[in-house]
Amino acid sequence: PTSAQVSVVPHSGRFCYTLDNDLLTTEQRQFYEDNGYLVIKSLVSDEDIERFRKEFTRICKREVKPPGVMIMKDESLKSQFGQSEKVVNKVQDFQEDAELFRYCTLPEVLKYVECFTGPNIMAMHTMLINKLPDSDKQTFLHPMHQDLHYFPFRPASRIVCAWTAMERADQDNGCLVVQPGTHRTALKPHGYPEWQGKTNKLFHGLLDEDEKIPKVHLVMEKGDTVFFHPLLIHGSGINRTSGFRKSISCHFASSECHYIDVKNTTQEHLEKELQEMVSKKYNATSVELKDIWNFRARLVQGERINL
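All values reported here derive from a predicted model rather than from experimental measurement.

A. Local environment of the overall build of the protein. Helix and strand counts for the protein stand at seven helices and 16 strands. Taking all 307 residues of the protein together, 56% fall into the buried category. Once local pairs closer than 6 in sequence are excluded, the contacts in the protein between residues at least 24 apart make up 80%. Roughly 13700 Å² of accessible area belongs to the protein as shown, and the carbon and sulfur atoms make up 50% of that amount.

What follows is the structure, encoded as structure tokens:
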């Protein structure tokens, strides 16, 4: 249960991207409407963040092996550091790890999520990011992109990402960078940027980035959480420090959203790339993008309807 009582129908006229609720102020709703993101200070407790950090370390050391989890590593560091957090850049799809999945069920997070999705909430995409020190190769620079590029479900306005800083995030250690207002644009074509030897698998970026649109660096303290729209253009810089910049995030969607066919769209090549990866890993044939997301999706509140 959450404290925010939310109507499922968007407010007539003024607000397109939030639902009527008794939690967000008019100013907060207007800010999200105009900019496509909203930062809530000190939302997640230090105690919870330390528990997530400990579980991440256990996963890195292979003390626990959650089913379905994808661990992304910098293989070039493996011989130097072995199985440790100094090698792991990202733990993705942690929905079957009871400790990390607690993040997706925190009442303080869900009460805000409900203002965007309504009461029937699915956790669709989970990640704990451990941005490694990276001053020379720029291996973990994430190009500017729109998250909706990865999602075969709509409508976009009933999807929201919650992203929580697990320590201070600033320009030195590669904080999030956003282009305010770009959530009001269409989904743009994505692909691999032309960076020589610096691309990570599935780190797609905009093929035609408009450099004239202003960028804002989201400097956040530990526990601060940003909620943002899946069409908001964003990315993150490189970590120029010797430490690790950790964050935990989940994309939530209303279970009333529906899957779409991405054939003949800008997302078709993504489906093909994922199909190749899945068939290689699981020896599966004829897998569609929506099947992959259906497998990942997990209900966190209310009723599972379409997703």
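From this point, things continue past the structure.
B. Spotlight on the pairing of strand 4 (residues 121–131). Most of strand 4 is tucked away: 11 of the 11 residues are buried. Sheet topology note: the strand 3 (residues 88–92)/strand 4 ladder contains three bridges and is antiparallel. Bridge pairing links Gln 92 to Met 127 in strand 4. Two elements, strand 4 and strand 16 (residues 298–301), share three bridges in a ladder whose sense is antiparallel.

C. Region of interest: helix 5 (residues 107–117). With eight of 11 residues buried, helix 5 is to be regarded as a mostly interior element. Residues Val 109, Leu 110, Tyr 112, Val 113, Glu 114, Cys 115, Phe 116 and Thr 117 constitute the buried set of helix 5. One or two steps after helix 5, the chain reaches Gly 118, where phi turns positive at roughly 90°.

D. Looking closely at the side chain of Ser 236. Relative to the assigned elements, Ser 236 resides in strand 13 (residues 234–236). The exposure class assigned to Ser 236 is buried, which follows from its relative accessible area of 11%.

E. Spotlight on the nonpolar core. Within the largest apolar cluster, 39 residues are counted, with the highest numbers of intra-cluster contacts made by Val 91, Tyr 103, Cys 104, Val 109, Phe 227 and Phe 252. Elements supplying a minimum of two residues to this core: strand 1 (37–40), helix 2 (46–60), strand 3, helix 4 (98–105), helix 5, strand 4, strand 7 (159–165) and strand 14 (245–254). Of all the elements, helix 5 adds the most residues to this core, at six residues. Residues within four places of Tyr 103 in sequence aside, it is in contact with Val 44, Phe 52, Val 109, Ala 162, Trp 163, Thr 164, Thr 225, Ile 248, Ser 249 and Cys 250. Core analysis: the second largest hydrophobic core is formed by 22 residues, Tyr 150, Ile 159, Cys 257 and Leu 274 among them.

F. Structural detail: the environment of Gly 223. Along the polypeptide, Gly 223 turns up in the loop between strand 11 (216–217) and strand 12 (225–228). Taking relative accessible area as the criterion, Gly 223 reaches 0% and is therefore assigned buried. Sequence spacing of Gly 223 and Val 44 is 179 residues, and the spatial spacing of their C-alpha atoms is 4.6 Å. Discounting residues that sit within four places of it in the chain, Gly 223 has contacts with Ser 42, Leu 43, Val 44, Ile 49, Thr 164 and Ala 165.

The rules we used
- Residues numbered from 1 in each chain as written.
- Predicted model: local features only at pLDDT ≥ 70, side-chain atom pairs only at ≥ 80, totals over all residues.
- Heavy atoms only, no water.
- Helix = DSSP H or I, 4+ residues; strand = E, 2+ residues; numbered from the N terminus.
- Buried < 20%, exposed > 50% of the residue type's maximum accessible area, 1.4 Å probe, protein only.
- Contact = heavy atoms within 4.5 Å.
- Areas by Shrake-Rupley, 256 points an atom, 1.4 Å probe, with all protein chains shown as cover.
- Pairing = 2+ DSSP bridges.
- Core = buried A, V, L, I, M, F, W, Y, C linked by side-chain atoms within 4.5 Å.

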